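# Summary of structural features
Next come the chains, spelled out residue by residue.
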Amino acid sequence: MKTIEVCLTPELLHQHSIVEKVAVVVDVLRASSTMITAFAHGLERLMPVAYVEGCVALQRLDYLSAGERDGAKVEGFNFGNSPYDVMHGDLQGKSLAMTTTNGTLAIEKSKSAKKLLIGAFLNLSALADRIKELNEDTLVLCAGWKGQMNLEDTLFAGALVAQLTNDFKAKGDSALAARLLYENAKNDLYGVISQTSHAQRLKKLSADDDMRFCLKKDEYHVVPFLESEHLVV
Ligand code: 3SL
């Protein structure tokens, strides 16, 4: 049986041999949720970029731009890092360059994986099905917050471990802890996640609706993956 591991923050990634694994990058609030929403609304390809300057350079090559710093939309960009922003934009067939504080950085750090997938509650079941199809050792990388673990990504990792319980062996205590936390929180995800430090930050930015949306399970069936430099579906 193949294994599923959980890396609670990119700072711990050096402890895992990612090159041999399928990596699932998750930033529930809000980068991976926004990416999944953009693809579900017709986006053709997305270039994840670690720095604002990289996005600005791609704007000159006709890419639309999305992203945040300190949670707020970057000045001059088309979209913030909000699922509602991208779902109301005209993304059909378009290319998007995106930069966020933790999410796109986590992607950058995972590029050496055998295959890189993007996950969030919004595509939980479709993601689990894709992982089963690939049937490789799998590593869930939680984007966390500036190097620290966060609860929302850990809970998502636990939900994924739970969903794959009959097909993958959970390896290591991080996977066990994530699953136990999820089992404890699953009947009131909003109630639990709204207590987190990032939820408090988002409330100050009036992004509570974003948070509620990001916690919806199986809203979409798209599973973005990295192909060369772009995420595609
Ligand atoms: O850190 C990130 O990548 C973002 O998702 C943070 S925020 O929700 O846009 O503030």
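Everything that follows concerns the structure shown earlier in this document.
All of the points below concern the structure found in this document. Model, not experiment: these values are computed from the prediction.

The rules behind the values
Residues numbered from 1 in each chain as written. Predicted model: local features only at pLDDT ≥ 70, side-chain atom pairs only at ≥ 80, totals over all residues. Heavy atoms only, no water. Buried < 20%, exposed > 50% of the residue type's maximum accessible area, 1.4 Å probe, protein only. Helix = DSSP H or I, 4+ residues; strand = E, 2+ residues; numbered from the N terminus. Arc of directions from axis to C-beta. Contact = heavy atoms within 4.5 Å. Near = heavy atom within 4 Å. Polar contact = N/O pair within 3.5 Å; in protein donor to acceptor, adjacent residues only side chain to side chain. Areas by Shrake-Rupley, 256 points an atom, 1.4 Å probe, with all protein chains shown as cover. Nonpolar A, V, L, I, M, F, W, Y, C, P; charged D, E, K, R; others polar. Axes fitted to C-alpha atoms, helices over the stretch in contact; angles between N-to-C directions. Parallel < 35°, antiparallel > 145°, perpendicular 65-115°, else oblique. Left-handed = near helix turned anticlockwise from the far one by under 90°.

### Some words on helix 9 (residues 197-204)
- Listing the buried residues of helix 9 in full gives His198, Ala199 and Leu202. Looking down the long axis of helix 9, one finds its buried residues gathered within 100° of arc, a one-sided arrangement.
- In this structure, the buried residues of helix 9 make contact with helix 6 (151-163), helix 8 (189-193) and helix 10 (208-214).
- A positive backbone phi angle near 55° is found at Ser206, which sits one or two residues after helix 9.

### Observations concerning the site of the ligand
- The environment of the ligand is formed by 14 residues, the closest being Asp27, Asn81, Thr100, Asn102 and Gly103.
- Asp27 places a side-chain nitrogen or oxygen 2.7 Å from an oxygen atom of the ligand.
- A distance of 2.6 Å separates an oxygen atom of the ligand from a polar side-chain atom of Thr100.
- Relative to its unbound accessible area of 300 Å², the ligand is 99% covered by the protein chains.
- When the residues that make up the shell around the ligand are grouped by side-chain class, the tally is four nonpolar, seven polar and three charged.

### Overview of the packing of helix 6 against helix 7 (residues 173-185)
- In the contact formed by helix 6 and helix 7, the axes pass within 7 Å of each other and the chain directions differ by 95°. Accordingly, the angle class assigned to the pair helix 6 and helix 7 is roughly perpendicular. In this structure, helix 6 contributes Leu151, Thr154, Leu155, Ala157, Gly158, Ala159, Val161 and Ala162 to the contact, and helix 7 contributes Ala175, Ala178, Arg179, Leu181, Tyr182, Glu183 and Ala185.
- Considering only residue class, the contact of helix 6 with helix 7 consists of eleven nonpolar, two polar and two charged.

### Notes on the packing of helix 5 (residues 124-134) against helix 6
- Close contact between helix 5 and helix 6 brings their axes to 10 Å; oriented N to C, the two are set at 55°. Overall, the two elements helix 5 and helix 6 adopt an arrangement that is oblique. The handedness of the crossing between helix 5 and helix 6 comes out as right-handed. For the pair helix 5 and helix 6, contact is made by Leu124, Ser125, Leu127, Ala128 and Ile131 and by Phe156, Ala159, Leu160 and Gln163, respectively.
- Taken together, the residues that form the contact of helix 5 with helix 6 break down as seven nonpolar, two polar and no charged.

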